[in-house]
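What the coordinates show
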Amino acid sequence: MSSLDRPDDFETRREHLRELSDEALHARFWHLVQGIVEPLVEEARTHTSPGIERSVLLRMGFTSAEAKQLIDGMQEQGLLGHGAGHLLLQLAKRNNLTVREAGEALLQGDYWGELQP
Amino acid sequence: MKLDPDNKLDILEVLQDLEHYRPRRKGWVWRKHVPEQRIGPFVYQDSSENLKNSVPLPAAEYFSDIDPQCDLIITTEIASGRFEDDLRRMRMAAWHGADHIMVIRTTGQSHIDGLIEGTPEGVGGIPISRKQIRASRKALDAIEDEVGRPINFHSYVSGVAGPEIAVLFAEEGVNGAHQDPQYNVLYRDINMHRSFVDAAESKKIMADAGILQLDGAHNANATAKEAWKVTPELFVQHAVNTAYSIEAGMDAGQIALSTVPPTAPPAPKLRLDLPYAVALRELFEGYKFRAQQNTRYMEADTQETTVSHVLDTLISRLTETDIQSTITPDEGRNIPWHYNNIAGVNTARQTLMGLDGLDQLLEVKQDGPFREQVRELKERALLFLEEILDAGGYYTAVEAGQFVDSGYYPERKGDGIVREPDGGDCANTVIAREDDYGAPVCSHFGRNSYADKAGKPCADYGGCTLCDPAKIRYIDEVDDEDNVLQRLKQPLAEREQGLLRPEVEKHGDGVVCLTLFIPDEPHTAKQAALELALHMGLNNPEVINQRIMHPAEGSLFEIKGTVDLYIEKQALPAYSQIRPLTDNEIEAWVRPRDIHIVAATVGEDEHTVGLHEILDIKHGGIEKYGFHCHNLGSSVSIEQVLDKAEETDVGAVLISVVITHADVHKQHMRNLARQASERGLAGKVLLIAGGPRIDDKLARECGLDAGFGHGATGREVASFMVRRWREQAA
């Protein structure tokens, strides 16, 4: 629980807003929102998660169960930062397999040693 | 798959060949506003295209059975726990005007780190799986053909498996979804880094699939101690999710703010809620508005709830609204029963049709306290934003308990929800993308080496599932016991045998609701009510609503319980399938023909009420169709009746026979038949009898043309006469 307990000091806090037109108030509102959202968006641009990577494998034609198993394995090897789909596609290309075949091979325990970007 | 209004939805047909079913479209569909639309006797300002099949509002029978549809989307939320039962409820709701079907997820799905497969049963909603939503979408595709209007299917892209669910929804043609990372953080205690990172991916997928997004701000209304004080924060929550969604690639027209008028009477609702609603629409111009009805102050009294929801809907009409969401009036006392979904939908459509063209009649006064309140709310919200930035950003503000504090911001009570940036479910699961990070799929957010190349990111291997749906892999069932076919065994067997049980939620749940008034003080009355319910055969009776009428004079109770009873359809007595004609049809025949009727209560009989009900315009009787009625009164002889009939050249004779001792009623009817025949009136004049102990079979046996028993209406009598005359004329 926060220890913050504060009376309603709206009248003093609003001083700097009082003279703003509605348009200016709206513009300021959205400007501040943008300032709050930007670092969050930047984190999303530069990070991923097991959920995102599983969703990539779903889109590459794997079932949810297969995607989970593949992502768990890649995470154990600390490889997810390269992108699960990227790892899989590169593996397929190197071994002349389809993406599906590469995934199935991994599911059977093969190729894990060469799963490098 | 094609539905027939006279037949039940065939669940087995829905399940058949499901592995190959593809949704017919992606994306959200709005209703088409038809300006100045003539429907029946009226011209509507705010209506949309009519339905092919529907159940009109009850009063429609007085207005040529019209069923005008408002121009807002109407939402209903469904949560039975079994999708196969949900489907029947969806069909009923669609027939009553719902075109946004929101399927609630089972408790706990937010914390499942992955997709659920198969068709397990849920609690308070269904587990969202590919099979369940594909089956639902398939059924809805058939239902939308039946009613003649597109139906938007909706669920939730929240929890720790958000991006996977978003892919699933994009693939399966789900049209709308809640997506708001703040909901994960505040209400599900899911790690905030994970929630926001995942949300960007989910939103990008939804954006490309045309899925309409609802945010989660309305949850603050529902959880705040005093919901009207959380309003400044609501602007902030809407804004954070909106700005984040735009950054993730959504169009403004795809972003719907989920907004709830925060109070309910006895609070001065409009005075508090309208400034808030207007301030919101001014700050968020260009976005869509999903107006939700209030749940925060719902008690067990469904009528009180309904009145609040009518006022909520009035606020929707006074402001700009795109979707009118409905709450079932029983949500304050149980998981919604299916007929209450319909009740909620009807509250919205009845109110909205009643308010048609409201903006031609009035506008909100802009001078005086209203405008000041609007301004104050915006300023309070802006101050909230300033404090977030001063605190060091969103994460630190949440950590400091700035959200869902019960003070009217900037007032603070110190009781806000506190979450640690490195805590919560799935903490430390966000991973930095390496320099070579890549995701060779469409609808991916953020840095991606495959997005830098020419062509689609998925081109290297022939396309992702979003480009080539044939690549989608379908899992049917994963559990031999907990699946739809197992659950359907009993219902299908019972349907085969023609057994009928009462239900409120799931097939054959046997739940019934009893209303009774007990004339004693509340506690004694409650005990007595429960005891009576037991005597009436209700198992596990439970008071779901008690309203004190007076502390000593008594209370009203609604009691639910279960009955382990069924009826065999084959054993039911046969009933007449004849439906009365519409008022318009009857009048169209009668009025131009100047038809006279003679009527009387015959024999030594002073009863006159029944006959008045059939004849008098005041009682909805046949006078209103243009009949000239000659009511000779009571204790009239058959001779007098027939004298009058000859004198005025009537079309029909109506006799009322109430007394039945020594079979005197049969005697009167036989007398009428015999004497009419002797006078040569038989075949020219319709001979009709009515009374509490009369029925059609008996009257015909006595030589008359028709008989009408207890509960018969003037419309039924007139329908019979007009039908007979039409036949004779043909």
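Description of the structure in this document. These numbers were taken from a predicted model, which means no experiment stands behind them. (Residues numbered from 1 in each chain as written. Chains lettered and ligands numbered in written order. Predicted model: local features only at pLDDT ≥ 70, side-chain atom pairs only at ≥ 80, totals over all residues. Heavy atoms only, no water.)

1. Concerning the overall build of chain B
To be explicit about the condition: Helix and strand assignments follow DSSP, with helices taken as H or I runs no shorter than four residues and strands as E runs no shorter than two, numbered in order from the N terminus. Note on classification: 1.4 Å probe, protein chains only; a residue is buried when its accessible area is under 20% of the maximum for its type, exposed when over 50%, partly exposed between these limits. Contacts are assigned to residue pairs that have any heavy atoms within 4.5 Å of one another.
If you tally the helices and strands in chain B, you get 22 helices and 24 strands. C-alpha atoms of chain B, sized along the principal axes, occupy 110 × 60 × 55 Å. The buried share of chain B, taken over its 730 residues, is 57%. In chain B, the share of contacts with a sequence separation of at least 24, taken over all contacts with a separation of at least 6, comes to 70%.

2. Some points on the packing of aromatic side chains
The relation between two aromatic rings is expressed through the spacing of the ring centres and the mutual angle of the planes. We count it as follows: We call Phe, Tyr and Trp rings a pair once their centres come within 6.5 Å, taking the six-membered ring for Trp, and we label the pair stacked below 30 degrees between planes, edge-to-face above 60, and tilted otherwise. In this scheme, Lys NZ or Arg CZ marks a charge over a ring once it lies within 6 Å of the ring centre and within 35 degrees of the ring normal.
Counted under the stated rule, the structure contains 20 aromatic pairs over all chains. With 5.4 Å between their ring centres and 80° between their planes, F29 of chain A and W30 of chain A make a pair best called edge-to-face. Here the aromatic residues F196, Y244, F384, Y394, Y395, F403 and Y409 of chain B are joined through ring pairs into a cluster of three or more. A cation sits over an aromatic face here: R281 of chain B above F289 of chain B, 4.9 Å from the ring centre.

3. Details of the pairing of strand β22 (residues 652-656) of chain B
Residue and element names in this part refer to chain B. Just so we agree on the cut-off: By definition, two strands form a pair when at least two bridges between them are found by DSSP. By convention, orient the strands away from the viewer: a clockwise path from the first strand over the helix to the second makes the crossover right-handed.
Most of β22 is tucked away: five of the five residues are buried. Because side chains alternate across β22, one face comprises the buried residues A652, L654 and S656, and the other comprises V653 and I655, equally buried. With five bridges connecting them, strand β20 (residues 596-601) and β22 associate as parallel partners. Each bridged residue has a counterpart across the sheet, and for A599 the counterpart in β22 is L654. In terms of strand pairing, β22 meets strand β23 (residues 686-690) through five bridges, oriented parallel. Within the sheet, the bridge partner assigned to V653 lies in β23 and is L687. Each parallel crossover has a hand, and for β22 linked through helix α20 (residues 664-678) to β23 it is right-handed.

4. Some words on the sheet that holds β22 of chain B
Residues and elements named next belong to chain B. Selection criterion: Only the stretch in contact is used when fitting a helix axis, every axis being a line fitted to C-alpha atoms; angles between N-to-C directions are given from 0 to 180 degrees.
Taking strand neighbours across the sheet as the criterion, the five strands line up as β21-β20-β22-β23-β24 in an open arrangement whose pairing is parallel. Here the strands that pair on one side only, and so sit at the sheet edges, are β21 (628-631) and β24 (706-708). When the angles between neighbouring strand axes are averaged without regard to direction, this sheet yields 20°. In the packing of helix α22 (residues 714-729) onto the sheet, the strands contacted are β20, β22, β23 and β24, and the crossing angle to β23 comes to about 160°.

5. Quick look at helix α3 (residues 130-147) of chain B
Selection rule: The length a helix should cover is 1.5 Å for every residue beyond the first.
The end-to-end C-alpha separation of α3 of chain B is 25 Å, in line with the 26 Å expected for 18 residues at 1.5 Å each. Most of α3 of chain B sits out of view: 17 of its 18 residues are buried.

6. Some remarks on the pattern of salt bridges
Stated precisely, the cut-off is as follows: What makes a salt bridge here is a side-chain nitrogen of Lys or Arg within 4 Å of a carboxyl oxygen of Asp or Glu, nothing more.
Inspection of every chain in the model, using the stated rule, returns 80 salt bridges over all chains. Across the pair R24 of chain B and D145 of chain B runs a salt bridge, and its minimum N-O distance is 3.0 Å. With a gap of 121 residues between them, R24 of chain B in the loop between α1 (11-15) and β1 (33-34) and D145 of chain B in helix α3 connect regions that are remote in the sequence. Assessed through its relative accessible area of 44%, R24 of chain B is described here as partly exposed. We classify D145 of chain B as partly exposed; its relative accessible area is 36%. The partner of E61 of chain B in a salt bridge is R715 of chain B, with the nearest N and O atoms 3.1 Å apart. One end of the pair, E61 of chain B, is in the loop between β4 (47-48) and β5 (69-70); the other, R715 of chain B, is in helix α22, and 654 residues separate them in sequence. A relative accessible area of 36% means that E61 of chain B is categorised as partly exposed. If you follow the salt bridges from partner to partner, you end up with E11, R14, E15, R18 and D22 of chain A together with E282, R371, R375, K378 and E379 of chain B in one network.

7. Things to note about the interface of chain A and chain B
We apply this condition: When two components associate, each loses some accessible surface as probed by a 1.4 Å sphere; the sum of these losses over both components is called the buried area.
Every contact between the two is made by 66 residues of chain A and, on the other side, 83 residues of chain B. For the pair chain A and chain B, the summed buried surface comes to about 6500 Å²; carbon and sulfur atoms form 62% of the total. In terms of surface lost to chain B, no three residues of chain A exceed F29, I36 and R59 of chain A, which account for 12% of the buried area on that side. The interface formed by chain A and chain B contains 13 salt bridges. For the salt bridge of R375 of chain B with D22 of chain A, the shortest nitrogen-to-oxygen distance reads 2.9 Å.

8. Focus on the packing of helix α17 (residues 583-590) of chain B against α22 of chain B
Residues and elements named next belong to chain B. Note the threshold: Each angle receives one of four descriptions, namely roughly parallel if under 35 degrees, roughly antiparallel if over 145, roughly perpendicular if within 65 to 115, and oblique otherwise. Whether a crossing is left-handed or right-handed is set by the direction in which the near helix is turned from the far one by less than a right angle, anticlockwise for left-handed and clockwise for right-handed. Throughout this entry, Asp, Glu, Lys and Arg are counted as charged residues, while Ala, Val, Leu, Ile, Met, Phe, Trp, Tyr, Cys and Pro are counted as nonpolar. The remaining residues, Gly among them, count as polar.
At a minimum axis separation of 10 Å, α17 and α22 run at an interaxial angle of 50°. Relative to α22, α17 is oriented oblique. Considering the relative orientation of α17 and α22, their crossing is left-handed. Where α17 approaches α22, its residues D583, E585, I586, W589 and V590 are matched on the opposing element by R715, A718, S719, V722, W725, R726 and A729. Its residues placed into classes, the contact of α17 with α22 shows seven nonpolar, one polar and four charged.

9. Brief notes about a nonpolar patch on the surface
Residue and element names in this part refer to chain B. Spelled out, the test is: Patch membership requires over 30% relative accessible area and the absence of a salt bridge. Like charges are linked within 9 Å, and nonpolar side chains (Val, Leu, Ile, Met, Phe, Trp, Tyr) within 5 Å. Under the convention used here, a 1.4 Å probe and the Shrake-Rupley method define accessible areas, while residue burial counts only the protein chains that appear.
A cluster of nonpolar residues, F42, Y62 and F63, forms a patch on the protein surface that exposes about 320 Å² of accessible area. Checked against the element boundaries, F63 lands in the loop between β4 and β5. A residue is classified by how much of its surface remains accessible, and F63, at 38% relative accessible area, is partly exposed.

10. Let's talk about unusual backbone geometry
Residues and elements named next belong to chain B. In the segment running from P265 into P266, the intervening peptide bond is cis, with an omega of 15°. Of the consecutive residues Y409 and P410, the connecting peptide bond is found in the cis state with omega at 10°. When you line up the elements, P410 lands in the loop between α14 (394-399) and β14 (431-432). Non-glycine residue S635 carries a positive phi angle of around 55°.

11. A closer look at the sheet that holds strand β8 (residues 152-156) of chain B
Residues and elements named next belong to chain B. Taken in spatial order, the eight strands close into a barrel running β6-β7-β8-β9-β10-β11-β12-β13, and their pairing is parallel. For this sheet, the mean inter-axis angle between neighbouring strands, taken without regard to orientation, is 25°. With three bridges joining them, strand β6 (residues 73-78) and strand β13 (residues 323-325) adopt parallel strand pairing. Bridging from a neighbouring strand, I74 pairs with Q324 of β13. Sitting on the sheet, helix α8 (residues 231-247) is in contact with β10 (212-214) and β11 (255-259), with an inclination near 170° to β11.

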